[in-house]
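Residue-level structural notes
Chain by chain, the residues run as shown.
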Amino acid sequence: MIFIMIEQIIFVIIGIIFLFMMLVIQLYGAIWLRGFVSGASVTFLELISLSLRKIPVRKIVDVRIKLFQTGFNVSVDELSEHHLAGGDVTTVAAGMITAKEKNIKLDFQKACELDLNEKKNSNAQSQEENWGSELNRKESPVVVGLLILGFVGFLIWWLIKFENS
């Protein structure tokens, strides 16, 4: 009796492991295969960790493949780190490839610094430009909706008041 229960528990555990493996292959198999065929190999654990950190897996792998094919060996961790810092890995890759074509020495860390500095400067400029529009509360959809709702409520109150009198 106990032997049969242990056997069933083992089958359930094996089934759960098999189901998990099939799910991982279903979700990440094509992306892993694309990296493997291109030579820019990526492990399933890296793909799972990217998903858990809510990083776009396909984008990171595509950029890694593009960089690997042009001669740069940038790891998935470095790309995901830059993405989490607020940078755009596609822009960094394009900049590195362009620099290589023009015989300019540009490594990944320097390209990331340039990208983040550019984002910081453009954000500061856009905040200055948006300062005036943020002060104009009349354009806010929430405020407009509340004003309309208040006006309709006032009209209903006014109609009920004069119907009763």
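About the thresholds
Residues numbered from 1 in each chain as written. Predicted model: local features only at pLDDT ≥ 70, side-chain atom pairs only at ≥ 80, totals over all residues. Heavy atoms only, no water. Helix = DSSP H or I, 4+ residues; strand = E, 2+ residues; numbered from the N terminus. Buried < 20%, exposed > 50% of the residue type's maximum accessible area, 1.4 Å probe, protein only. Contact = heavy atoms within 4.5 Å. Areas by Shrake-Rupley, 256 points an atom, 1.4 Å probe, with all protein chains shown as cover. Phe/Tyr/Trp six-rings, centres within 6.5 Å; stacked < 30°, edge-to-face > 60°. Lys NZ or Arg CZ within 6 Å of the ring centre and 35° of its normal.

Overview of the overall build of the protein
For the protein, the count of helices and strands is seven helices and zero strands. In sequence order, the protein lays out its α and β elements as α-α-α-α-α-α-α. By residue count, 22% of the 165 residues in the protein fall in the buried class. Counted over contacts in the protein with a minimum sequence separation of 6, partners at least 24 positions apart contribute 54%. Element-wise, carbon and sulfur atoms account for 67% of the exposed surface of the protein, whose accessible area totals about 12500 Å².

Examining the packing of aromatic side chains
Following the criterion strictly, the structure yields two aromatic pairs and no others. Consider the rings of tryptophan 32 and phenylalanine 36, whose centres lie 5.2 Å apart with planes at 10 degrees: the pair is stacked. Taken together, the positions of tryptophan 32 and phenylalanine 36, both in helix H1 (residues 2-38) and four residues apart, correspond to about one turn of that helix. Classification of tryptophan 32 by relative accessible area gives partly exposed; the value is 27%. A ring pair is formed by tryptophan 32 and phenylalanine 44, whose centres lie 5.4 Å apart and whose planes are at 15 degrees; its orientation type is stacked. Of this pair, tryptophan 32 sits in helix H1 while phenylalanine 44 sits in helix H2 (residues 44-52), and the two are 12 residues apart along the sequence. Given the relative accessible area of 26%, phenylalanine 44 is considered partly exposed. Following the ring pairs from residue to residue traces out a cluster consisting of Trp32, Phe36 and Phe44. Geometry around phenylalanine 72 places lysine 100 over its ring, the cationic atom sitting 5.4 Å from the centre.

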